Amino acid sequence: MRGIWTTDHIRQAEERLLAVTPEGALMRRAAHGVSVHAARMLAEHTGSVSGRRVVLLVGAGNNGGDALWAGAFLRKRGAGVAAVLLQPGKAHPEGLAALRRAGGRVVPLADGPQWIESADLVVDGIVGISAKGPLRPDAAALVERVAAPVLAVDLPSGVEPDSGAVDGPAVRATATVTFGAYKPVHVLNPERCGEVVFVDIGLGDELGEPDLRGLDAADVAAAWPMPGPSDNKYSQGVTGVAAGSSAYPGAAVLAAAAAVRATSGMVRYAGHAADVVRWHWPEVVATGSIFDAGRVQAWVVGPGIGTGSAGRDVLVHALGQGVPVCADADAITIIAERPEVLDARDPDTPLLLTPHDGEFERLTGNAPGPDRVGAVCEAARRFDAVVLLKGHSTLVADPAGRVLVNKARGSWLATAGSGDVLSGLTGALLASGVEPWLAAGVAADVHARAGELAARGVPASASGVLAAIPDAIRQARSLAP
Ligand SMILES: NC(=O)C1=CN([C@@H]2O[C@H](COP(=O)(O)OP(=O)(O)OC[C@H]3O[C@@H](n4cnc5c(N)ncnc54)[C@H](O)[C@@H]3O)[C@@H](O)[C@H]2O)[C@@H](O)CC1
Ligand SMILES: [K+]
(Lines give C-alpha, C1' and ligand atoms only; values in the text may rest on other atoms or scores of the structure.)
(Ligands and ions follow the chains in the order given, each with its own letter.)
Protein backbone atom coordinates (compact mmCIF):
# COMPACT_ATOMS: atom_id res chain seq x y z
CA MET A 1 0.00 0.00 0.00
CA ARG A 2 1.11 3.49 -0.74
CA GLY A 3 1.39 5.79 2.29
CA ILE A 4 0.17 9.37 2.29
CA TRP A 5 1.12 11.80 5.08
CA THR A 6 -0.50 15.03 6.22
CA THR A 7 1.59 18.20 6.17
CA ASP A 8 2.00 18.20 9.97
CA HIS A 9 3.65 14.81 9.82
CA ILE A 10 5.77 15.77 6.81
CA ARG A 11 6.97 18.89 8.59
CA GLN A 12 7.94 16.92 11.70
CA ALA A 13 9.74 14.33 9.60
CA GLU A 14 11.57 17.05 7.66
CA GLU A 15 12.68 18.69 10.90
CA ARG A 16 14.17 15.42 12.14
CA LEU A 17 15.94 14.88 8.84
CA LEU A 18 17.15 18.49 8.64
CA ALA A 19 18.78 18.12 12.05
CA VAL A 20 21.09 15.41 10.72
CA THR A 21 21.69 16.75 7.21
CA PRO A 22 24.19 19.43 6.13
CA GLU A 23 22.62 22.87 5.75
CA GLY A 24 20.87 23.33 2.41
CA ALA A 25 21.44 19.76 1.23
CA LEU A 26 17.79 18.73 1.38
CA MET A 27 16.63 21.70 -0.60
CA ARG A 28 19.25 21.17 -3.27
CA ARG A 29 18.29 17.50 -3.49
CA ALA A 30 14.63 18.46 -3.88
CA ALA A 31 15.37 21.23 -6.37
CA HIS A 32 17.60 19.01 -8.44
CA GLY A 33 14.65 16.61 -8.78
CA VAL A 34 12.49 19.52 -9.94
CA SER A 35 15.06 20.59 -12.51
CA VAL A 36 15.40 17.07 -13.94
CA HIS A 37 11.67 16.81 -14.45
CA ALA A 38 11.41 20.37 -15.76
CA ALA A 39 14.06 19.54 -18.38
CA ARG A 40 12.14 16.41 -19.33
CA MET A 41 8.95 18.46 -19.75
CA LEU A 42 10.71 21.09 -21.85
CA ALA A 43 12.14 18.41 -24.10
CA GLU A 44 8.72 16.78 -24.44
CA HIS A 45 6.81 20.00 -25.13
CA THR A 46 9.36 21.94 -27.17
CA GLY A 47 11.97 19.42 -28.33
CA SER A 48 14.87 20.95 -26.36
CA VAL A 49 16.00 22.43 -23.05
CA SER A 50 18.71 24.83 -24.17
CA GLY A 51 17.34 28.19 -25.28
CA ARG A 52 13.86 27.56 -23.88
CA ARG A 53 12.19 30.03 -21.54
CA VAL A 54 11.40 28.97 -17.99
CA VAL A 55 9.54 31.30 -15.65
CA LEU A 56 9.70 30.66 -11.91
CA LEU A 57 6.85 31.88 -9.71
CA VAL A 58 8.57 32.35 -6.38
CA GLY A 59 6.86 32.75 -3.02
CA ALA A 60 8.52 33.79 0.23
CA GLY A 61 9.07 30.33 1.72
CA ASN A 62 11.20 27.29 1.05
CA ASN A 63 8.91 26.26 -1.78
CA GLY A 64 10.14 29.38 -3.56
CA GLY A 65 13.68 28.39 -2.55
CA ASP A 66 13.24 25.06 -4.31
CA ALA A 67 12.07 26.86 -7.45
CA LEU A 68 15.06 29.24 -7.38
CA TRP A 69 17.58 26.41 -6.99
CA ALA A 70 15.83 24.43 -9.73
CA GLY A 71 16.11 27.54 -11.92
CA ALA A 72 19.86 27.67 -11.24
CA PHE A 73 20.22 24.02 -12.32
CA LEU A 74 18.16 24.67 -15.47
CA ARG A 75 20.36 27.65 -16.37
CA LYS A 76 23.32 25.30 -16.34
CA ARG A 77 21.54 23.23 -18.96
CA GLY A 78 21.16 26.29 -21.15
CA ALA A 79 17.57 27.27 -20.48
CA GLY A 80 16.70 30.95 -20.07
CA VAL A 81 15.31 31.40 -16.57
CA ALA A 82 13.38 34.36 -15.17
CA ALA A 83 12.12 34.52 -11.61
CA VAL A 84 9.04 36.49 -10.61
CA LEU A 85 9.37 37.17 -6.88
CA LEU A 86 6.11 37.65 -5.00
CA GLN A 87 7.86 39.18 -2.00
CA PRO A 88 11.30 40.31 -3.23
CA GLY A 89 12.58 41.11 0.25
CA LYS A 90 11.75 37.65 1.54
CA ALA A 91 12.82 35.40 -1.31
CA HIS A 92 15.07 32.52 -0.23
CA PRO A 93 18.51 34.22 -0.11
CA GLU A 94 20.72 31.24 -1.02
CA GLY A 95 18.35 30.16 -3.79
CA LEU A 96 18.24 33.68 -5.19
CA ALA A 97 22.03 33.98 -5.08
CA ALA A 98 22.40 30.62 -6.82
CA LEU A 99 20.03 31.65 -9.59
CA ARG A 100 21.85 34.96 -10.10
CA ARG A 101 25.26 33.23 -10.13
CA ALA A 102 23.98 30.88 -12.82
CA GLY A 103 22.88 33.83 -14.96
CA GLY A 104 19.16 33.73 -14.23
CA ARG A 105 17.29 37.00 -14.14
CA VAL A 106 14.86 38.45 -11.67
CA VAL A 107 11.95 40.36 -13.16
CA PRO A 108 9.67 42.85 -11.41
CA LEU A 109 6.30 41.56 -10.26
CA ALA A 110 4.54 44.05 -12.54
CA ASP A 111 6.24 42.47 -15.57
CA GLY A 112 5.31 38.96 -14.43
CA PRO A 113 2.28 38.52 -16.73
CA GLN A 114 4.20 39.27 -19.93
CA TRP A 115 7.00 36.87 -18.96
CA ILE A 116 4.48 34.20 -18.04
CA GLU A 117 2.72 34.59 -21.37
CA SER A 118 5.90 33.92 -23.34
CA ALA A 119 7.11 31.03 -21.16
CA ASP A 120 7.71 27.52 -22.46
CA LEU A 121 7.39 26.18 -18.93
CA VAL A 122 6.23 27.71 -15.65
CA VAL A 123 7.61 26.40 -12.35
CA ASP A 124 5.17 26.98 -9.51
CA GLY A 125 7.11 27.72 -6.32
CA ILE A 126 4.53 30.08 -4.84
CA VAL A 127 3.64 28.04 -1.82
CA GLY A 128 4.14 24.48 -0.54
CA ILE A 129 3.10 22.58 2.55
CA SER A 130 2.86 25.73 4.69
CA ALA A 131 0.12 27.25 2.50
CA LYS A 132 -2.59 29.03 4.43
CA GLY A 133 -5.97 29.82 2.85
CA PRO A 134 -6.66 30.81 -0.74
CA LEU A 135 -3.87 32.38 -2.79
CA ARG A 136 -3.19 36.02 -2.01
CA PRO A 137 -4.23 38.49 -4.73
CA ASP A 138 -0.74 39.02 -6.26
CA ALA A 139 -0.19 35.28 -6.56
CA ALA A 140 -3.71 34.66 -7.82
CA ALA A 141 -3.30 37.30 -10.53
CA LEU A 142 -0.12 35.61 -11.81
CA VAL A 143 -1.65 32.13 -11.75
CA GLU A 144 -4.56 33.29 -13.86
CA ARG A 145 -2.20 34.33 -16.66
CA VAL A 146 -0.55 30.94 -17.07
CA ALA A 147 -1.17 29.08 -20.32
CA ALA A 148 2.14 27.17 -20.63
CA PRO A 149 2.70 23.73 -19.08
CA VAL A 150 3.22 24.04 -15.33
CA LEU A 151 5.50 22.04 -13.09
CA ALA A 152 4.33 22.44 -9.48
CA VAL A 153 6.92 22.25 -6.73
CA ASP A 154 5.61 19.88 -4.06
CA LEU A 155 1.98 20.78 -4.75
CA PRO A 156 -0.07 23.08 -6.96
CA SER A 157 -0.33 26.45 -5.20
CA GLY A 158 -3.85 27.47 -4.23
CA VAL A 159 -4.93 23.89 -3.52
CA GLU A 160 -5.24 23.16 0.20
CA PRO A 161 -2.46 20.63 0.94
CA ASP A 162 -4.35 18.39 3.38
CA SER A 163 -7.83 18.41 1.88
CA GLY A 164 -7.22 19.09 -1.81
CA ALA A 165 -9.92 21.77 -1.60
CA VAL A 166 -9.79 24.79 -3.89
CA ASP A 167 -11.31 28.11 -2.88
CA GLY A 168 -10.26 30.63 -5.49
CA PRO A 169 -7.66 30.75 -8.25
CA ALA A 170 -5.22 27.85 -8.10
CA VAL A 171 -2.53 26.30 -10.23
CA ARG A 172 -3.54 23.50 -12.57
CA ALA A 173 -0.28 21.64 -12.92
CA THR A 174 0.80 19.47 -15.80
CA ALA A 175 3.00 17.65 -13.34
CA THR A 176 3.88 17.94 -9.66
CA VAL A 177 7.15 16.90 -8.07
CA THR A 178 6.61 15.71 -4.52
CA PHE A 179 9.48 15.38 -2.07
CA GLY A 180 9.95 12.36 0.10
CA ALA A 181 6.28 11.43 0.51
CA TYR A 182 2.86 11.67 -1.04
CA LYS A 183 0.62 14.28 0.56
CA PRO A 184 -3.20 14.24 0.68
CA VAL A 185 -3.54 16.83 -2.09
CA HIS A 186 -1.90 14.41 -4.53
CA VAL A 187 -4.65 11.84 -4.16
CA LEU A 188 -7.58 14.08 -3.19
CA ASN A 189 -7.17 16.50 -6.09
CA PRO A 190 -5.27 14.61 -8.80
CA GLU A 191 -6.67 16.81 -11.59
CA ARG A 192 -4.86 19.85 -10.18
CA CYS A 193 -1.60 17.92 -9.67
CA GLY A 194 -1.32 16.27 -13.07
CA GLU A 195 1.32 13.56 -13.16
CA VAL A 196 2.81 13.21 -9.67
CA VAL A 197 6.55 12.57 -9.73
CA PHE A 198 8.19 11.29 -6.56
CA VAL A 199 11.64 12.57 -5.63
CA ASP A 200 13.34 10.76 -2.79
CA ILE A 201 15.01 13.16 -0.35
CA GLY A 202 15.65 10.50 2.28
CA LEU A 203 12.56 11.16 4.38
CA GLY A 204 11.42 7.53 4.43
CA ASP A 205 12.78 6.49 7.86
CA GLU A 206 11.38 9.59 9.56
CA LEU A 207 7.80 9.28 8.38
CA GLY A 208 6.16 6.72 10.67
CA GLU A 209 2.64 5.40 10.09
CA PRO A 210 0.86 7.02 7.15
CA ASP A 211 -2.31 9.06 7.71
CA LEU A 212 -3.98 7.80 4.53
CA ARG A 213 -3.27 4.88 2.27
CA GLY A 214 -3.70 4.23 -1.43
CA LEU A 215 -3.96 0.84 -3.09
CA ASP A 216 -1.59 -0.32 -5.78
CA ALA A 217 -2.54 -2.92 -8.36
CA ALA A 218 -0.55 -5.44 -6.29
CA ASP A 219 -2.75 -4.81 -3.22
CA VAL A 220 -5.90 -5.26 -5.28
CA ALA A 221 -4.60 -8.43 -6.90
CA ALA A 222 -3.54 -9.86 -3.53
CA ALA A 223 -6.88 -9.10 -1.89
CA TRP A 224 -9.16 -10.21 -4.73
CA PRO A 225 -10.54 -13.67 -3.95
CA MET A 226 -9.46 -16.42 -6.33
CA PRO A 227 -10.72 -19.97 -5.93
CA GLY A 228 -8.29 -22.68 -4.89
CA PRO A 229 -8.35 -26.37 -5.82
CA SER A 230 -10.52 -27.31 -2.84
CA ASP A 231 -13.07 -24.52 -3.25
CA ASN A 232 -16.71 -25.00 -4.17
CA LYS A 233 -19.51 -22.53 -4.78
CA TYR A 234 -20.30 -22.26 -1.06
CA SER A 235 -16.75 -22.09 0.28
CA GLN A 236 -16.08 -18.92 -1.69
CA GLY A 237 -18.92 -17.13 0.03
CA VAL A 238 -22.54 -16.67 -0.90
CA THR A 239 -23.52 -13.06 -1.54
CA GLY A 240 -27.07 -11.98 -0.77
CA VAL A 241 -28.51 -9.06 -2.71
CA ALA A 242 -31.69 -7.35 -1.52
CA ALA A 243 -32.25 -4.60 -4.04
CA GLY A 244 -34.67 -3.25 -6.65
CA SER A 245 -38.42 -3.61 -6.91
CA SER A 246 -40.90 -4.73 -9.54
CA ALA A 247 -41.22 -1.12 -10.71
CA TYR A 248 -37.44 -0.55 -10.59
CA PRO A 249 -35.71 -3.84 -11.33
CA GLY A 250 -32.55 -2.22 -12.73
CA ALA A 251 -30.80 -1.79 -9.38
CA ALA A 252 -31.44 -5.47 -8.62
CA VAL A 253 -30.03 -6.66 -11.92
CA LEU A 254 -26.94 -4.46 -11.72
CA ALA A 255 -26.07 -5.22 -8.07
CA ALA A 256 -26.65 -8.98 -8.43
CA ALA A 257 -24.73 -9.10 -11.71
CA ALA A 258 -21.78 -7.22 -10.23
CA ALA A 259 -21.62 -9.79 -7.46
CA VAL A 260 -21.72 -12.58 -10.07
CA ARG A 261 -18.87 -10.96 -11.97
CA ALA A 262 -16.78 -10.25 -8.87
CA THR A 263 -16.10 -13.74 -7.55
CA SER A 264 -16.99 -17.28 -8.43
CA GLY A 265 -18.99 -17.76 -5.22
CA MET A 266 -22.76 -18.05 -5.37
CA VAL A 267 -25.20 -15.12 -5.49
CA ARG A 268 -28.69 -15.12 -4.01
CA TYR A 269 -31.17 -12.42 -4.85
CA ALA A 270 -34.18 -11.60 -2.67
CA GLY A 271 -36.86 -9.14 -3.68
CA HIS A 272 -39.64 -8.17 -6.05
CA ALA A 273 -37.42 -8.18 -9.12
CA ALA A 274 -36.63 -11.91 -8.82
CA ASP A 275 -38.08 -12.79 -12.24
CA VAL A 276 -36.16 -10.07 -14.04
CA VAL A 277 -32.91 -10.94 -12.25
CA ARG A 278 -33.32 -14.65 -13.04
CA TRP A 279 -34.07 -13.86 -16.67
CA HIS A 280 -30.91 -11.75 -17.08
CA TRP A 281 -28.64 -13.81 -14.82
CA PRO A 282 -29.73 -17.44 -14.66
CA GLU A 283 -26.80 -18.24 -12.34
CA VAL A 284 -28.41 -16.16 -9.56
CA VAL A 285 -30.63 -18.07 -7.12
CA ALA A 286 -33.54 -15.64 -6.90
CA THR A 287 -36.44 -15.55 -4.49
CA GLY A 288 -39.25 -13.06 -3.87
CA SER A 289 -38.51 -12.32 -0.23
CA ILE A 290 -35.49 -11.96 2.01
CA PHE A 291 -37.32 -13.94 4.70
CA ASP A 292 -36.94 -17.19 2.73
CA ALA A 293 -33.65 -16.41 1.00
CA GLY A 294 -31.47 -18.95 2.81
CA ARG A 295 -27.99 -18.48 4.27
CA VAL A 296 -25.52 -16.00 2.85
CA GLN A 297 -22.12 -14.79 4.06
CA ALA A 298 -22.89 -11.10 3.43
CA TRP A 299 -25.87 -8.99 2.46
CA VAL A 300 -26.00 -6.06 0.08
CA VAL A 301 -29.11 -4.12 0.99
CA GLY A 302 -30.62 -0.99 -0.34
CA PRO A 303 -30.45 0.03 -3.99
CA GLY A 304 -34.02 0.54 -5.12
CA ILE A 305 -35.74 -1.11 -2.14
CA GLY A 306 -37.66 2.06 -1.24
CA THR A 307 -37.60 3.87 2.07
CA GLY A 308 -40.98 2.75 3.41
CA SER A 309 -41.82 0.07 5.95
CA ALA A 310 -41.20 -2.82 3.52
CA GLY A 311 -37.66 -1.61 2.84
CA ARG A 312 -37.15 -1.09 6.56
CA ASP A 313 -38.19 -4.68 7.31
CA VAL A 314 -35.72 -5.96 4.73
CA LEU A 315 -32.86 -3.95 6.21
CA VAL A 316 -33.68 -4.95 9.79
CA HIS A 317 -33.79 -8.61 8.76
CA ALA A 318 -30.41 -8.42 7.00
CA LEU A 319 -28.84 -6.61 9.97
CA GLY A 320 -29.98 -9.39 12.29
CA GLN A 321 -28.35 -12.28 10.41
CA GLY A 322 -24.93 -12.05 12.01
CA VAL A 323 -23.18 -11.51 8.68
CA PRO A 324 -21.56 -8.36 7.21
CA VAL A 325 -24.00 -5.95 5.60
CA CYS A 326 -23.25 -3.43 2.89
CA ALA A 327 -26.00 -0.81 3.21
CA ASP A 328 -26.36 1.45 0.20
CA ALA A 329 -28.83 3.93 -1.30
CA ASP A 330 -32.33 3.52 0.20
CA ALA A 331 -30.86 1.59 3.14
CA ILE A 332 -28.80 4.66 4.02
CA THR A 333 -31.86 6.88 3.86
CA ILE A 334 -33.72 4.45 6.10
CA ILE A 335 -30.89 4.55 8.66
CA ALA A 336 -30.85 8.36 8.44
CA GLU A 337 -34.59 8.60 9.07
CA ARG A 338 -34.86 5.78 11.61
CA PRO A 339 -31.48 5.25 13.29
CA GLU A 340 -33.15 2.75 15.64
CA VAL A 341 -33.08 0.17 12.82
CA LEU A 342 -29.42 -0.28 13.72
CA ASP A 343 -30.52 -1.83 17.04
CA ALA A 344 -31.10 -4.99 15.01
CA ARG A 345 -27.39 -5.20 14.31
CA ASP A 346 -25.16 -7.56 16.22
CA PRO A 347 -22.39 -5.15 17.25
CA ASP A 348 -19.73 -7.69 16.28
CA THR A 349 -20.84 -8.00 12.67
CA PRO A 350 -19.39 -5.50 10.25
CA LEU A 351 -21.52 -2.79 8.68
CA LEU A 352 -20.41 -0.96 5.58
CA LEU A 353 -22.15 2.24 4.50
CA THR A 354 -21.59 3.57 0.99
CA PRO A 355 -23.07 7.08 0.78
CA HIS A 356 -22.65 9.71 -1.89
CA ASP A 357 -22.54 13.30 -0.66
CA GLY A 358 -26.33 13.74 -0.45
CA GLU A 359 -26.78 10.48 1.45
CA PHE A 360 -23.86 11.40 3.70
CA GLU A 361 -25.60 14.64 4.61
CA ARG A 362 -28.85 12.80 5.29
CA LEU A 363 -27.01 10.27 7.43
CA THR A 364 -24.88 12.62 9.51
CA GLY A 365 -26.79 15.91 9.30
CA ASN A 366 -23.83 17.60 7.58
CA ALA A 367 -22.46 17.68 4.04
CA PRO A 368 -18.91 16.28 3.89
CA GLY A 369 -17.56 19.82 3.30
CA PRO A 370 -13.98 20.54 2.18
CA ASP A 371 -12.41 18.24 4.80
CA ARG A 372 -13.77 15.00 3.36
CA VAL A 373 -11.23 12.87 5.19
CA GLY A 374 -12.20 14.33 8.56
CA ALA A 375 -15.89 13.94 7.73
CA VAL A 376 -15.67 10.30 6.68
CA CYS A 377 -13.57 9.37 9.74
CA GLU A 378 -16.09 11.01 12.05
CA ALA A 379 -18.97 9.14 10.40
CA ALA A 380 -17.10 5.82 10.66
CA ARG A 381 -16.59 6.37 14.38
CA ARG A 382 -20.14 7.51 14.97
CA PHE A 383 -21.76 4.54 13.22
CA ASP A 384 -19.05 2.07 14.24
CA ALA A 385 -18.99 1.12 10.58
CA VAL A 386 -16.76 1.22 7.57
CA VAL A 387 -17.88 4.23 5.54
CA LEU A 388 -17.15 4.52 1.84
CA LEU A 389 -17.74 8.10 0.73
CA LYS A 390 -18.28 8.24 -3.00
CA GLY A 391 -16.85 11.15 -4.90
CA HIS A 392 -14.26 11.95 -7.49
CA SER A 393 -11.74 10.34 -5.17
CA THR A 394 -13.45 7.65 -3.12
CA LEU A 395 -12.60 7.52 0.59
CA VAL A 396 -12.97 4.51 2.86
CA ALA A 397 -12.65 4.96 6.62
CA ASP A 398 -13.00 2.48 9.44
CA PRO A 399 -13.86 3.21 13.08
CA ALA A 400 -10.20 2.89 14.08
CA GLY A 401 -9.33 5.84 11.84
CA ARG A 402 -7.68 4.01 8.94
CA VAL A 403 -8.42 5.75 5.64
CA LEU A 404 -8.03 4.46 2.11
CA VAL A 405 -8.13 6.87 -0.81
CA ASN A 406 -9.06 5.62 -4.21
CA LYS A 407 -7.75 8.06 -6.77
CA ALA A 408 -10.22 8.93 -9.50
CA ARG A 409 -9.75 7.57 -13.00
CA GLY A 410 -11.83 10.15 -14.82
CA SER A 411 -15.49 10.90 -14.18
CA TRP A 412 -16.96 8.02 -16.16
CA LEU A 413 -18.56 6.46 -13.10
CA ALA A 414 -20.87 9.42 -12.59
CA THR A 415 -23.67 7.56 -14.35
CA ALA A 416 -26.99 6.04 -13.28
CA GLY A 417 -26.65 2.56 -11.81
CA SER A 418 -22.92 2.86 -11.22
CA GLY A 419 -23.40 2.77 -7.43
CA ASP A 420 -25.45 -0.44 -7.70
CA VAL A 421 -22.51 -2.08 -9.44
CA LEU A 422 -20.16 -0.93 -6.68
CA SER A 423 -22.37 -2.31 -3.92
CA GLY A 424 -22.62 -5.68 -5.68
CA LEU A 425 -18.82 -5.84 -5.99
CA THR A 426 -18.35 -4.86 -2.36
CA GLY A 427 -20.89 -7.39 -1.13
CA ALA A 428 -19.20 -10.22 -3.02
CA LEU A 429 -15.85 -9.39 -1.43
CA LEU A 430 -17.43 -9.25 2.03
CA ALA A 431 -19.00 -12.65 1.41
CA SER A 432 -15.59 -14.03 0.46
CA GLY A 433 -14.26 -12.98 3.82
CA VAL A 434 -12.18 -9.95 2.81
CA GLU A 435 -12.11 -7.56 5.76
CA PRO A 436 -14.60 -4.74 5.20
CA TRP A 437 -12.21 -1.78 4.96
CA LEU A 438 -10.07 -3.52 2.37
CA ALA A 439 -13.13 -5.00 0.63
CA ALA A 440 -14.57 -1.54 0.10
CA GLY A 441 -11.22 -0.19 -1.09
CA VAL A 442 -10.46 -2.92 -3.60
CA ALA A 443 -14.07 -2.92 -4.83
CA ALA A 444 -13.82 0.83 -5.44
CA ASP A 445 -10.51 0.32 -7.25
CA VAL A 446 -11.86 -2.36 -9.59
CA HIS A 447 -15.04 -0.33 -10.10
CA ALA A 448 -12.95 2.67 -11.16
CA ARG A 449 -10.80 0.52 -13.44
CA ALA A 450 -13.95 -0.96 -15.00
CA GLY A 451 -15.35 2.54 -15.52
CA GLU A 452 -12.18 3.61 -17.30
CA LEU A 453 -12.05 0.46 -19.43
CA ALA A 454 -15.74 0.73 -20.34
CA ALA A 455 -15.42 4.37 -21.30
CA ARG A 456 -12.11 4.49 -23.19
CA GLY A 457 -12.67 8.19 -23.82
CA VAL A 458 -16.43 8.25 -24.35
CA PRO A 459 -19.24 8.07 -21.77
CA ALA A 460 -19.90 4.65 -20.27
CA SER A 461 -23.15 3.20 -18.92
CA ALA A 462 -23.48 1.11 -15.76
CA SER A 463 -24.06 -1.95 -17.96
CA GLY A 464 -20.80 -1.13 -19.70
CA VAL A 465 -19.01 -0.87 -16.35
CA LEU A 466 -20.52 -4.21 -15.36
CA ALA A 467 -19.28 -5.84 -18.56
CA ALA A 468 -15.78 -4.47 -17.97
CA ILE A 469 -15.39 -5.96 -14.46
CA PRO A 470 -13.56 -9.12 -15.61
CA ASP A 471 -11.06 -7.04 -17.61
CA ALA A 472 -10.64 -4.69 -14.65
CA ILE A 473 -9.75 -7.62 -12.37
CA ARG A 474 -7.41 -8.97 -15.06
CA GLN A 475 -5.79 -5.55 -15.38
CA ALA A 476 -5.10 -5.27 -11.64
CA ARG A 477 -3.66 -8.81 -11.62
CA SER A 478 -1.50 -8.21 -14.67
CA LEU A 479 -0.06 -4.97 -13.25
CA ALA A 480 0.85 -6.61 -9.96
CA PRO A 481 4.54 -7.48 -9.82
N1 LIG B 1 11.82 21.72 5.24
C2 LIG B 1 12.55 21.00 4.43
O3 LIG B 1 13.42 20.29 4.82
C4 LIG B 1 12.32 21.02 3.00
C5 LIG B 1 11.32 21.83 2.48
N6 LIG B 1 11.10 21.88 1.18
C7 LIG B 1 10.18 22.82 0.61
O8 LIG B 1 9.70 23.72 1.55
C9 LIG B 1 8.30 23.83 1.45
C10 LIG B 1 7.76 24.31 2.75
O11 LIG B 1 8.38 25.55 2.97
P12 LIG B 1 7.91 26.61 4.04
O13 LIG B 1 7.50 25.96 5.28
O14 LIG B 1 8.98 27.63 4.09
O15 LIG B 1 6.63 27.25 3.46
P16 LIG B 1 6.00 27.41 1.99
O17 LIG B 1 7.06 27.76 1.02
O18 LIG B 1 5.13 26.26 1.75
O19 LIG B 1 5.04 28.63 2.18
C20 LIG B 1 5.21 29.63 3.13
C21 LIG B 1 5.25 30.95 2.45
O22 LIG B 1 4.15 31.13 1.61
C23 LIG B 1 3.40 32.27 1.97
N24 LIG B 1 1.99 31.91 1.88
C25 LIG B 1 1.28 31.13 2.73
N26 LIG B 1 0.02 31.01 2.32
C27 LIG B 1 -0.07 31.71 1.18
C28 LIG B 1 -1.14 31.98 0.30
N29 LIG B 1 -2.36 31.48 0.52
N30 LIG B 1 -0.92 32.75 -0.79
C31 LIG B 1 0.32 33.24 -1.02
N32 LIG B 1 1.36 33.03 -0.21
C33 LIG B 1 1.17 32.28 0.89
C34 LIG B 1 3.82 32.61 3.37
O35 LIG B 1 3.81 33.99 3.55
C36 LIG B 1 5.19 32.05 3.47
O37 LIG B 1 6.12 33.01 3.10
C38 LIG B 1 7.86 22.49 0.99
O39 LIG B 1 6.59 22.51 0.40
C40 LIG B 1 8.95 22.15 0.01
O41 LIG B 1 8.68 22.75 -1.23
C42 LIG B 1 12.02 21.21 0.27
O43 LIG B 1 13.03 22.13 -0.01
C44 LIG B 1 12.60 19.96 0.84
C45 LIG B 1 13.20 20.19 2.15
K1 LIG C 1 3.93 25.02 -5.30
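Residues numbered from 1 in each chain as written. Chains lettered and ligands numbered in written order. Predicted model: local features only at pLDDT ≥ 70, side-chain atom pairs only at ≥ 80, totals over all residues. Heavy atoms only, no water.

Basically, it comes down to this: UniProt positions are given in the numbering used here, feature names are shortened, and annotations may be inferred rather than shown by experiment.
Under an unreviewed UniProt entry, the name given to the protein is Bifunctional NAD(P)H-hydrate repair enzyme, and the organism recorded is Prauserella endophytica. Quoted verbatim from the Subunit (unreviewed entry) field of the UniProt record, the comment on the protein reads "Homotetramer."

### A word on the overall build of the protein
Note the following rule: A run of DSSP states H or I qualifies as a helix once it reaches four residues; a run of E qualifies as a strand once it reaches two. Both are numbered from the N-terminal end. Note on classification: 1.4 Å probe, protein chains only; a residue is buried when its accessible area is under 20% of the maximum for its type, exposed when over 50%, partly exposed between these limits. When checking whether two residues touch, look at their non-hydrogen atoms; a contact exists if any pair is within 4.5 Å. Residue exposure ignores everything except the shown protein chains as possible cover, and the areas themselves are Shrake-Rupley values with a 1.4 Å probe. In this tally Asp and Glu are treated as negative and Lys and Arg as positive; neither His nor the chain ends contributes. Throughout, a charge is located at the NZ atom of Lys, the CZ atom of Arg, the CG atom of Asp or the CD atom of Glu.
Each helix and strand counted, the protein has 19 helices and 18 strands in total. Taking the principal axes of its C-alpha atoms as reference, the protein extends roughly 80 × 40 × 40 Å. Here the protein holds 481 residues, and 56% of them are scored as buried. Taking all contacts inside the protein whose residues are at least 6 apart in sequence as the whole, residues at least 24 apart take part in 69%. Per element, the accessible surface of the protein, about 19,300 Å² overall, is 51% carbon and sulfur. A gap of 6 Å separates the mean positions of the 42 positive and 50 negative side-chain charges of the protein.

### Description of the UniProt feature "binding site: AMP" (unreviewed entry) in the protein
Stated formally: Identification of polar contacts relies on pairs of N or O atoms within 3.5 Å, with a donor-acceptor requirement for protein atoms, meaning one able to donate a hydrogen and the other able to accept it, and with residues adjacent in sequence counted only if both atoms are side-chain atoms.
According to UniProt, the positions carrying the feature "binding site: AMP" (unreviewed entry) are Lys390, Gly391, His392, Ser393, Thr394 and Gly419. Despite a sequence span of 30 residues, these residues sit close together in the fold, their greatest C-alpha distance being 14.1 Å. With respect to the element layout, His392 can be found in the loop between strand E16 (386-389) and strand E17 (394-397). On the accessibility criterion, His392 (37% relative accessible area) is partly exposed. In contact with His392, not counting residues within four places along its chain, are Glu191, Asn406, Ala408, Gly410 and Ser411. Within polar-contact distance, the side chain of His392 engages the side chain of Glu191 at 2.8 Å. Considering the arrangement of structural elements, one finds Ser393 in the loop between E16 and E17.

### Details of the sheet that holds strand E15 (residues 351-353)
We apply this condition: Here the rule is simple: two strands pair whenever DSSP picks up at least two bridges between them. Axis definition: a line fit to C-alpha positions, over the contact stretch in the case of helices; interaxial angles, taken between N-to-C directions, run 0 to 180 degrees.
Spatially, the 11 strands line up as an open sheet ordered E1-E9-E18-E17-E16-E15-E14-E13-E10-E11-E12, and their pairing is mixed. Strand pairing shows two members of the sheet lacking a second neighbour, strand E1 (2-4) and strand E12 (285-287), which therefore form its edges. For this sheet, the mean angle separating the axes of adjacent strands, direction not counted, is 20 degrees. Direction of pairing for E17 relative to strand E18 (residues 403-406): antiparallel, over a ladder of 4 bridges. Note on E18: the bridge partner recorded for Thr394 is Asn406. Packed onto the sheet, helix H16 (residues 418-431) meets strand E10 (239-242), strand E13 (298-301), strand E14 (325-327), E15 and E16 and runs at close to 165 degrees relative to E13.

### Some thoughts on the nonpolar core
As a reminder of what qualifies: Residue types Ala, Val, Leu, Ile, Met, Phe, Trp, Tyr and Cys, when buried and joined through side-chain atoms within 4.5 Å, form a set referred to as a nonpolar core.
Core analysis: the largest hydrophobic core is formed by 57 residues, its most contacted members being Trp224, Tyr269 and Ile469. Considering each element in turn, this core owes the most residues, 10 residues, to helix H10 (residues 250-262). Formed by 52 residues, the second largest nonpolar core is a distinct cluster that contains Trp5, Ala175, Val177 and Leu203.

### Thoughts on the coordination of the potassium ion (ligand 2)
Note the following rule: Each metal's donors comprise the N, O and S atoms found within 2.8 Å of it (within 3.2 Å for Na, K or Ca). Water is not part of the atom list, so some coordination spheres may appear incomplete. Note on geometry labels: four donors, all angles 85 to 135 degrees, give tetrahedral; four donors become square planar and six octahedral when opposite donors are over 155 degrees apart and every other angle is between 65 and 115; remaining cases are irregular.
Binding of the potassium ion (ligand 2) to the protein goes through Asn63 (OD1), Asp124 (O), Val127 (O), Val153 (O), Leu155 (O) and Ser157 (OG), at separations of 2.6 to 3.0 Å. Here the potassium ion (ligand 2) is ringed by 6 donor atoms whose angles at the metal span 67 to 168 degrees, and the overall shape comes out irregular. In primary-sequence terms, the residues that donate to the potassium ion (ligand 2) follow N-x60-D-x2-V-x25-V-x1-L-x1-S. Pair noted here: Asp124 is in strand E5 (residues 121-125) and Leu155 is in the loop between strand E6 (150-153) and strand E7 (175-179), with a separation of 31 residues, a long-range link. Judged on exposure class, the residue Asp124 and its partner Leu155 are both buried.

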